[in-house]
Amino acid sequence: MKAGKAMKIDRMPGLTVFQSCRAGALDCPNAQMDPKPWTRALEGWAEEFGLSEKLRGLVKEDRILFHHKLKFSISGCANGCSRPQIVDFGLRGRVRPRFDLEECTSCGGCARACPDGALVALDGQPEFYEPVCQGCFKCSSACPAGCITLTEPKMELMIGGKLGRHPRLAKTAGLFDNPGQLIPFVRELVDQYLQGAAPGQKFADFFIGEE
């Protein structure tokens, strides 16, 4: 910014944007977690930390534009209605299936119900491919024998997603039980960005690399 010239602010003041799905308010049938406590915790931390003011040091232009902002999106389930996959910090609730194969009736219902191909029925019993699993509960709901249970829900943190000229999906950075575990992790990533990023360098490009 040129000396003596005031920075222009757009109609969304500050350099942080928070958005979350309405899973808690709408009683969403797919929800694994209520996003509200996580959103409130992140917003409170950002305000206390003075995140917007600290981010201004990385803006080269005189005017703050939307692409300068650090974006957070929180979703209560793997469907990600708030689009956490394309922001700097994306969160989505998820579970993992657990199998009791001794009780399995080899009906194949779980494999047919899985929308992501994470389950395949081999000789009638399910084979689970964890990297493909998106963390929903359809396999458990489809099992007539009740041999598929679910882990406690966790919030998956993804970082480095973006749109623009070179769009990229965010990458998983960790799983968290509660906001108290999440905040120190996010703060460490933000500190690294504030201390190491070049002026004008986006968060996604700092951590994932330029394309």
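Since the model is a prediction, treat every value here as computed from it, not as a measurement.

Conventions used here
Residues numbered from 1 in each chain as written. Predicted model: local features only at pLDDT ≥ 70, side-chain atom pairs only at ≥ 80, totals over all residues. Heavy atoms only, no water. Pairing = 2+ DSSP bridges. Helix = DSSP H or I, 4+ residues; strand = E, 2+ residues; numbered from the N terminus. Phe/Tyr/Trp six-rings, centres within 6.5 Å; stacked < 30°, edge-to-face > 60°. Buried < 20%, exposed > 50% of the residue type's maximum accessible area, 1.4 Å probe, protein only. Lys NZ or Arg CZ within 6 Å of the ring centre and 35° of its normal. Expected span 1.5 Å × (residues − 1). Arc of directions from axis to C-beta. Salt bridge = Lys/Arg side-chain N within 4 Å of Asp/Glu carboxyl O. Axes fitted to C-alpha atoms, helices over the stretch in contact; angles between N-to-C directions. Contact = heavy atoms within 4.5 Å.

Participant: Would you mind showing me how to read the pairing of strand β6 (residues 125-128) here?
Facilitator: Within a regular strand, the side chains alternate between the two sheet faces. With four bridges connecting them, strand β5 (residues 119-122) and β6 associate as antiparallel partners. Its bridge partner being in β6, V120 is matched across the sheet by E127. Between β5 and β6, which pair antiparallel in sequence order, lie two residues; one of them, D123, sits at a positive phi of approximately 55°.

Participant: Is there a simple way to think about the packing of aromatic side chains in this case?
Facilitator: For any pair of aromatic rings, the description consists of the separation of the ring centres together with the inter-plane angle of the planes. One pass over the full model with this rule turns up ten aromatic pairs. Measuring from centroid to centroid gives 4.7 Å for F18 and F72, while their planes differ by 15°, and the two rings are stacked. Here F18, found in strand β1 (residues 16-20), pairs with F72, found in strand β2 (residues 70-75); they are 54 residues apart in sequence, far enough to count as distant. With 5.4 Å between their ring centres and 75° between their planes, Y193 and F203 make a pair best called edge-to-face. Taken together, the residues span a long stretch of sequence, with Y193 in helix α6 (residues 179-196) and F203 in helix α7 (residues 203-208) at a distance of ten residues. Across the pair, F203 and Y193 agree in class, each one buried. A connected cluster of aromatic rings, assembled from ring pairs, spans F18, F72, F89, Y193, F203, F206 and F207. Above the face of the F66 ring, K71 is positioned so that its terminal group lies 4.6 Å from the ring centre.

Participant: Quick question: what am I supposed to make of helix α2 (residues 36-49) here?
Facilitator: Because an α-helix completes one turn every 3.6 residues, residues spaced three or four positions apart along the sequence face the same direction. Here α2 spans 20 Å end to end across 14 residues, near enough to the 20 Å set by a 1.5 Å rise per residue. Burial in α2 covers these residues: W38, T39, L42, W45, A46 and F49. Angularly, the buried residues of α2 cover 135° about the axis, an arc narrow enough to put them on a single face. In α2, the exposed residues that point more than 90 degrees away from the buried face are R40, E47 and E48. Note on α2: the residue one or two positions beyond its end, G50, has a positive phi of about 70°.

Participant: Whenever I open this one, the pattern of salt bridges confuses me. Can you help?
Facilitator: A side chain with one charge may pair with a side chain of the opposite charge, provided their charged atoms come close. Summed over all chains, the structure comprises eight salt bridges. The partner of E156 in a salt bridge is R94, and the shortest N-O contact between them spans 3.0 Å. Of this pair, E156 sits in strand β8 (residues 154-159) while R94 sits in strand β3 (residues 89-94), placing them 62 residues apart in sequence. Side by side, E156 and R94 carry an identical accessibility label, which is buried. In this structure, R187 engages D191 in a salt bridge whose closest nitrogen and oxygen atoms are separated by 3.7 Å. In this pair, R187 and D191 are both assigned in helix α6, four residues apart and thus about one turn of the helix distant. Classification of R187 as partly exposed rests on a relative accessible area of 38%. Each member of the salt-bridge network shares a partner with another, and the members are R92, R94 and E156.

Participant: Is there a simple way to think about the sheet that holds β2 in this case?
Facilitator: The pairing of strands in a sheet happens through backbone hydrogen bonds and is either parallel or antiparallel. Pairing within the open sheet is mixed, and its five strands lie in the order β1-β2-β3-β8-β9. Either end of the sheet is taken by a strand with one partner, and the two such strands are β1 and β9 (171-176). For this sheet, the mean inter-axis angle between neighbouring strands, taken without regard to orientation, is 20°. The pairing of β1 with β2 spans five bridges and is classified as parallel. Bridging from a neighbouring strand, S20 pairs with I74 of β2. Against the sheet, α2 contacts β1, β2, β3, β8 and β9, and its axis sits at roughly 160° relative to β2.

Take it as geometry only, folks, not as evidence of what the structure does.
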